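An overview of the molecular structure
Here are the chains, one letter per residue:
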Amino acid sequence: MSFTDAVLKRRKVLLFVLIAIAFGGVAAFFKLGKLEDAEISVKTALVITQYPGASPHEVELRVTDILETAIQSMDNIDNIESRSMAGYSEITVNIDKSVKTKELPQIWDVLRRKVNDISVAMPQGASTPMVVDDFGDVYGIFLALNGDGFSDEEIQDYSRYMKRELLLVSGVKRIDLFGEQQSCINVELSQEKMAYLGIHPASIIQILNNQNEIVDPGSLKVGGDRIRIASEGSFHKLDDLKNILISAYGENSIYLKDVADIKEDYVTPYSSKLKYNKIPAIGLAIAMEKGGNVIELGERIQTRIDELKASIPVGVNVNRVFYQPERVDIAIETFMVNLIESVLIVVFVLLLAMGFRTGLLIGSGLIFTILGTFIVMLSTDIMLQRVSLGAIIVAMGMLVDNAIVIADGILVDLKKGMRRNEAMSRTAKQTAMPLLGATIVAILAFLPIYLSPDATGEFCESLFLVVAISLFLSWILSLTQTPYFCDLFLRGKKYENIEEGEADPYGSKFYLKFRHFVKYSLRHKTIILLITVFFFVSSIFVFKNVKQLFMPNLEYNQFIVEYFLPEGSDIETVEKELGSLESYLLDQEEVLNVTTSLGVTPARYTLVRPFTMSNSNYGELIVDTRDYETTVKFGAELQEYLNENYSWARARVRYYSAISSEAMLEAKFSGPDPQVLRDLSEKAEKIMIDEPTAIKVTNNWKNQVKVWNPHFSQAQSRLTGIQRSDVSNAMACATDGLPIGVFRKADDILPIYLKTTVEEDKYMESLENTPIWGARLTSIPLRQVVSSIDIEFEDPLIKRYNRRRAIKAQCDPAPGYNAPDTYSNIHDKIEAISLPEGYDLEWLGEHKNSADANENIGKFLPLAFLLMVIVIMALFNNFRQPIIILSVLPLAFIGVSYGLWITGKAFGFMPIIGTLGLMGMMIKNAVVLLDQINLEIKEGKDVLIAVIDSAVSRMRPVIMASLTTILGMIPLISDELFGGMAVAIMFGLLIGSIITLIIVPVLYAIFYRVSTKNVMDL
């Protein structure tokens, strides 16, 4: 007894299962976790070390190199990048892409141990290295809290209150604040008063530290009690600090307020700041717990915010900079529209081709398959997001393939007069294994995506899982639900012929014309093959005119303006220039809101946005527009405006993309000598500048910066008693301030900075005459303790890659060109640059991302191909028929090439995925056709007649399966991410259907040496 017979004998059980799938699928859809993009682990950690006062070169050798040596000994390291700046070391540790996400916590523990063990080797004055392993967290919700007329301190207090309350919302994992200004206490000493009163700055520092130090004074034993002795040492009010006694001679007492101006202020220069529509703001970045439903979380957060508004003043606004729940909700609605459109298209095609009842029952199988897929997704923690939603639509047409084959066979058997019970199960019995094998082959076509270990593969892995689940369910339902529904609904004279042989199901004019064409093709095999080869060769030449693009931009009504001034620029200058640009943008009707971030990217609120680390010369604008079309159009216009009006800055418009890098094209030179590296980079940059298809040429070391260098004199040191540290402390006081302690204010700990007043109108002259205090009670001007004061130049940062100094020459493609276009024009010239011994060149940027992603897929393509061949061999148990199937696979490229060329879609990662899926679909159709030929021959037909009859009998299932897939993809054509893949599948399958129905029979006749001379007489 076959599986279908067994199920049909238990129809009530089957009916109950179908009802359970219907209700369970709907419930699962609403319970499924929903996100915008797949949860991808960013396998990156940062190791940050402060080394105040050290030059970039000193930081590199004394801190970065030591830490890199220790980290390099770890297992599973992909690469290590570092940047050494004045007083700051930052090491980026990238873990091998093959490491599973669940293994990362253990790897980060190993990293901490390595860093902790080597921290004893850090130079004096360096901070303890800090490991940041949540660098890759994606927040999903980014709010900006601001209020016109409110002070920065008030907005910070309200934002902390909001953070505290929103952390209690169910599903919130963490909240980070961005843009808070660090408060401090500035103690500005009067040099004249100190000199007059003979007060040494060192004594003030010592008194402050002694007063602020917390010491445990112990406890008293009184009777049977133990009483703790209180210690009041810390500063709690500003007056406590002002009224510190620093000197007392007889009746004259001198307080700190007598020689210094003491006030609460903000640390300068600030490292980051946020504005929303030109008003200072604090950002709240909210991360969701793993596996949650971001739409439901957004509703809970918005409800709580509405409740909290009653507790904060009118005028304090909570603005949405990026709100993933809203975007996911729109994406789900769009998906449902696309899904309904696809289902209606598929059902409509089936209704036209196979009749009303047949079309409806096959369409119902499609619905049951989708609902069943939702149930399995819920049970296996596959979330609804961009790729998994697209996967369902991609699989839409394929999901009815099996049902079409079964239903078509049942219709034919009924019209032939076969007994009803036998007709319901005969086709299922005959085609169950071939359809299973063909389904497995279609699934295996997507296997390389799932096995690809890089971020691109992880981003798209749900595509394989959802396609595999849905296709397997479609096979099961085609063997059960399809015969059951056929038995229920295909009744009446239209579907049944009692007298056997009364009607020929393939006797219509359409079938007769197709039969004639098949016979004609078999008679003129050579001509048909030559025509096929011609189109295949021509498609190769056509492909040269197809645009190349690794990953398209995503459809966001938002874009980013990155703004870099030359290295060494002050962050306040960046703020001023971005302020004017912000005003210009807010005057444009296309712009809704503008968020300004200074110093750093505010938060990784979505995985697909470019991310820039902390730089004092950097700022960015997050610009909201009405829709994606406006984003593209206005973004291009804005780039021209930036080029014309902000030519001194590196300002560029960036869009959201699934994969992005610092620059789209990067030529990395590595070697020991910084100057040689700069020379090599300059040569590469010159080639890029001369190339019309390249713009925004720069390098990642940027320009050298000025350094004001007072050369300390050892001879003067012996005469004056001034030490090098005395000079550094005095210069710190005269500029940014010397940290000398902390001030405790409520929950905050504020640093205390000691400063000396400097005349701003004579700033440089005042600095050169800064009083330097040593061991003596009198100060000495700076000029008397240094041999000279020079303005010098140095590299502001030194970058390394895998412990070698490395510089990247960078550029982007010009408008109208893609990265592959520009790369093809410059790579030969740059690779021709003569490299000294010990220096290397490597291409990075989007070119490397594309090459790595394609390489990772290609790495597992042979495995998938081998498994496909094994399945096909198992189905046919011979060599010739698998060879026939594999021979037609390259011909799918004809449709892919011409389709992309005609539609103007670019060929990249997603079309490659579509081409892989197309191969699986073609194999599936060819397997079903060859299996039918074998069945016809087994029934005793002549081989030639069996070939013709099989092609005719399989014509409707193949055409229907292809049409439903092709037309079901229509909603995806306009999608930026899936459009290229949809076109590749649609045009490829269109040509593939012809290849299956015509070329496969022709190759069969050739391989089996079937004589076709008299074929036209049959």
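Note that the structure is predicted; figures quoted are calculated from it, not measured.

Before going further, it helps to examine the side chain of serine 470. Relative to the helices and strands, serine 470 resides in helix H17 (residues 455-489). Serine 470 gets classed as buried once you look at its relative accessible area, which sits at 3%.

In this section: the packing of helix H14 (residues 401-415) against helix H31 (residues 943-968). H31 packs onto H14 with a crossing angle of 150° between their chain directions and a minimal axis gap of 9 Å. Between H14 and H31 lies a crossing whose hand is right-handed. Touching Asp401, Ile404, Val405, Asp408 and Leu411 of H14 are Ser953, Arg954, Arg956, Pro957, Met960, Ala961, Thr964 and Thr965, all from H31. Tallied by class, residues from the contact of H14 with H31 come to 6 nonpolar, 3 polar and 4 charged.

Turning our attention to the sheet that holds strand E23 (residues 738-745). Working definition: the strands of a sheet are paired by backbone hydrogen bonds and lie parallel or antiparallel to each other. Across the sheet, 4 strands lie side by side as E12-E7-E24-E23; this open sheet has mixed pairing. Of all the strands in the sheet, just strand E12 (260-266) and E23 have a single pairing partner and so form its edges. On average, each strand axis in the sheet is inclined to that of its neighbour by 25°, with strand direction left out of account. Of the strand pairs in this sheet, strand E7 (residues 183-189) and strand E24 (residues 748-756) are connected by 5 bridges, and their pairing is parallel. Among the inter-strand pairings, glutamate 188 is bridged to a residue of E24, identified as lysine 755.

Here the focus is a nonpolar patch on the surface. A cluster of nonpolar side chains, namely Ile527, Ile531, Phe534 and Phe535, defines an oily patch on the protein surface of about 400 Å² accessible area. The topology assignment puts phenylalanine 535 in helix H19 (residues 525-543).

As a further point, take the nonpolar core. Ranked by internal contacts, the top residues of the largest apolar core, which has 197 residues, are Ile301 and Phe374. When neighbours within four sequence positions are excluded, phenylalanine 374 is seen to be in contact with Gly25, Ala28, Phe29, Leu32, Phe335, Leu384 and Ile392. One finds Met194, Ile262, Ile740 and Ile752 within the second-largest nonpolar core, a separate group that totals 24 residues.

Turning to the environment of glutamine 106, a few remarks are in order. Here glutamine 106 is to be found in helix H4 (residues 104-118). Since its relative accessible area comes to 60%, glutamine 106 is described here as exposed.

For the rest of this paragraph, the subject is the packing of aromatic side chains. According to the stated counting rule, one finds 26 aromatic pairs in the structure shown. With 5.3 Å between their ring centres and 45° between their planes, phenylalanine 29 and phenylalanine 374 make a pair best called tilted. In this pair, phenylalanine 29 is assigned in helix H2 (residues 11-31) and phenylalanine 374 in helix H12 (residues 356-379), connecting sequence segments 345 residues apart. The burial state of phenylalanine 29 is the same as that of phenylalanine 374; both residues are buried. Considering the side-chain rings of tyrosine 1004 and tyrosine 1008, the 4.3 Å spacing of their centres and the 20° angle between planes classify their relative orientation as stacked.

With that settled, consider the pattern of salt bridges. Per the stated rule, a full pass over the model turns up 31 salt bridges. The partner of lysine 808 in a salt bridge is glutamate 81, and the shortest N-O contact between them spans 3.7 Å. Of this pair, lysine 808 sits in strand E29 (residues 804-813) while glutamate 81 sits in strand E2 (residues 77-85), and the two are 727 residues apart along the sequence. Classification of lysine 808 by relative accessible area gives buried; the value is 10%. Glutamate 422 is the partner of arginine 419 in a salt bridge, and the nearest nitrogen-oxygen pair spans 3.9 Å. Classification of arginine 419 by relative accessible area gives exposed; the value is 65%. Within this structure, Glu60, Asp65, Glu68, Arg800, Arg803 and Arg805 form a network of salt bridges that share partners.

When the pLDDT values of the chain are averaged, the result is 85; 96% of them are 70 or greater. Predicted confidence for residues 498-502 stays below pLDDT 50, and this span has 5 contacts to residues more than four positions away or in other chains.

Geometrically, the link from threonine 268 to proline 269 is a cis peptide bond, its omega value of -5° lying close to zero. Checked against the element boundaries, proline 269 lands in the loop between E12 and strand E13 (273-276). A positive phi angle, near 65°, is found at asparagine 76, a position not held by glycine. Position of asparagine 76 among the secondary structure elements: in the loop between helix H3 (56-72) and E2. What makes asparagine 76 partly exposed here is its relative accessible area of 40%. Phi at lysine 702 takes a positive value of approximately 60°, unusual for a residue other than glycine.

Reading the values: the criteria
- Residues numbered from 1 in each chain as written.
- Predicted model: local features only at pLDDT ≥ 70, side-chain atom pairs only at ≥ 80, totals over all residues.
- Heavy atoms only, no water.
- Helix = DSSP H or I, 4+ residues; strand = E, 2+ residues; numbered from the N terminus.
- Buried < 20%, exposed > 50% of the residue type's maximum accessible area, 1.4 Å probe, protein only.
- Axes fitted to C-alpha atoms, helices over the stretch in contact; angles between N-to-C directions.
- Left-handed = near helix turned anticlockwise from the far one by under 90°.
- Contact = heavy atoms within 4.5 Å.
- Nonpolar A, V, L, I, M, F, W, Y, C, P; charged D, E, K, R; others polar.
- Pairing = 2+ DSSP bridges.
- Patch = residues over 30% accessible without salt bridge, like charges linked within 9 Å, V, L, I, M, F, W, Y side chains within 5 Å.
- Areas by Shrake-Rupley, 256 points an atom, 1.4 Å probe, with all protein chains shown as cover.
- Salt bridge = Lys/Arg side-chain N within 4 Å of Asp/Glu carboxyl O.
- Core = buried A, V, L, I, M, F, W, Y, C linked by side-chain atoms within 4.5 Å.
- Phe/Tyr/Trp six-rings, centres within 6.5 Å; stacked < 30°, edge-to-face > 60°.
- pLDDT = per-residue confidence, 0-100.

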